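Here's the letter readout for the chains.
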Amino acid sequence: MNTNQHDDVIEVTGLRRVYGGGGRDFEAVRGVTFSVGRGEIFALLGTNGAGKTSTVELIEGLAPPAGGRVRVLGHDPYTGRAAVRPRIGVMLQEGGFPSELTVAETARMWAGCTSGSRPAGEVLDRVALGHRSGVRVKQLSGGEKRRLDLALALLGDPEVLFLDEPTTGLDVEGRRSTWELVRELRDAGTTVLLTTHYLEEAEELADRLAILHEGRVAALGTPAEVTASQPSHVSFELPDGYLPGDLPPLPGLGVSGHETTGRRIRLRTGELQRTATALLVWAERARVELRGLDVRPASLEEAFLRISRDAAARDGDENAATTTGPAADTRPARTRGTAA
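Since the structure is predicted, the reported quantities are computational estimates derived from the model, not experimental observations.

Reading the values: rules and limits
Residues numbered from 1 in each chain as written. Predicted model: local features only at pLDDT ≥ 70, side-chain atom pairs only at ≥ 80, totals over all residues. Heavy atoms only, no water. Helix = DSSP H or I, 4+ residues; strand = E, 2+ residues; numbered from the N terminus. Contact = heavy atoms within 4.5 Å. Buried < 20%, exposed > 50% of the residue type's maximum accessible area, 1.4 Å probe, protein only. Pairing = 2+ DSSP bridges. Expected span 1.5 Å × (residues − 1). Core = buried A, V, L, I, M, F, W, Y, C linked by side-chain atoms within 4.5 Å.

Colleague: Help me understand the side chain of Thr-190 in this model?
Modeller: Relative to the elements of secondary structure, Thr-190 occurs in the loop between helix 6 (172–187) and strand 7 (191–195). When neighbours within four sequence positions are excluded, Thr-190 is seen to be in contact with Gly-39, Glu-40, Pro-158, Glu-159, Leu-161 and Leu-185.

As structure tokens, this is what we get:
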């Protein structure tokens, strides 16, 4: 993350979005607040229907909010679209390009609609599509189409880049190269707002992230801060002749709970170093081996699942006595040329 500049490029405060009418309103975004600094990669995570796309569309200026406030580069992205649009790039979930055009023709066509466009060939080379410039769009693989989507988002050399599921359909190599390109953009000062279903991607890329659930922010912080809210794990095989009760008193080691499967025991702890050190000292003194020892902090996936479950339980308690509208936003994925 670029730490030389701390101004917020994206500011979202109390954001709301409502669909429907006739007494069947569905509030897809319910008071979302966060900010994104210059030269920062910020990830929005959440299950389907959590409000990610609805939130991003408001930030992109595709619709006015039902409540709250959005600012991008100091402007309202909806009423000040003329000031914002030339300075941002948007990679949608699906490109929706004319299938008969070649890759180069598609890039040139889009460049003609982009202020201050960079040379199309240069951008295609940057996403490893230069060698496919003469191929028709319909002949591209799914991963190649995603790289074309990214190339078009980069044509205007944007200050703010919106990436909606950027690596869907890419193989492992393509995903890693895309991650490296996004990091390079961040290091050059580009602000990136990313949505993804790949938690490993968020963990690898994001400087900070927000987990949305039912239109609200359920967690906000760096990946390390979010995962630190969940217990770490220590697991090993009990030495021959030993039972769990033969271990040092677990609460005194910072252990909050444990499970056993056959001879294997798995400890949950909020004090990973203390727990692991105490176990190793005990094993050394007892002259036994902790076979298959595995010591690890909570993963972002574990934190995501626990936070989502906890948020769902809270929402269930709040809504138990109310009549609700539609359960989720089931609109199709956004494509270029659609207002969504």
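Colleague: Please clarify how the pairing of strand 3 (residues 41–45) should be interpreted in this entry.
Modeller: Sheet faces and side chains relate simply in a regular strand, where the side chains alternate between the two faces. For strand 3, a buried count of 5 out of 5 residues is recorded, marking the element as mostly surrounded by other parts of the structure. On strand 3, burial covers both faces: Ile-41, Ala-43 and Leu-45 on one face and Phe-42 and Leu-44 on the other are all buried. Here strand 3 runs beside strand 7; their pairing, made up of 4 bridges, is parallel. In the strand pairing of strand 7, Leu-44 is matched with Thr-195. Bridge analysis of strand 3 against strand 8 (residues 208–213) gives 4 bridges, and the strand direction is parallel. Bridge pairing in strand 8 links Leu-45 to Ile-211.

Colleague: Explanation requested: helix 6 in the structure shown.
Modeller: Helix length check: helix 6 (16 residues) gives 23 Å between terminal C-alpha atoms against 22 Å at 1.5 Å per residue, within 8%. Along its buried surface, helix 6 packs onto strand 3, helix 4 (120–126), helix 5 (142–154), strand 6 (160–164), strand 7 and helix 7 (199–205). Just downstream of helix 6, Gly-189 is the residue with a positive phi angle, here 110 degrees.

Colleague: Whenever I open this one, the nonpolar core confuses me. Can you help?
Modeller: As a rule of thumb, soluble globular proteins bury nonpolar side chains together. Leu-45, Leu-148, Leu-154, Leu-163, Leu-209 and Ile-211 are the most contacted members of the largest nonpolar core, which totals 43 residues. Among the elements that take part in this core, helix 5 stands out by supplying 6 residues, more than any other. Excluding residues within four positions of it along the chain, Leu-45 makes contact with Lys-52, Thr-196, Leu-199, Ala-202, Leu-209, Ala-210, Ile-211, Leu-212, Leu-300 and Phe-304. One finds Leu-44, Val-56, Val-84 and Ile-88 within the second-largest nonpolar core, a separate group that totals 30 residues.

Colleague: Help me understand the environment of Leu-101, please; the structure alone is not making it clear to me.
Modeller: Examined against the element boundaries, Leu-101 turns out to sit in the loop between strand 5 (88–91) and helix 3 (103–111). Considered as a pair, Leu-101 and Lys-138 are 37 residues apart in the sequence and their alpha carbons are 8.2 Å apart. Those residues in contact with Leu-101 that lie beyond four places of it in its chain are Thr-106, Met-109, Val-135, Arg-136 and Val-137.

Colleague: Can you walk me through the environment of Pro-248 in this structure?
Modeller: Along the chain, the position of Pro-248 falls in the loop between strand 10 (232–237) and strand 11 (255–261). Judged by relative accessible area, Pro-248 falls into the buried class, the value being 16%. Residues Pro-248 and Trp-282 lie 34 residues apart in sequence; the distance between their C-alpha atoms is 7.4 Å.

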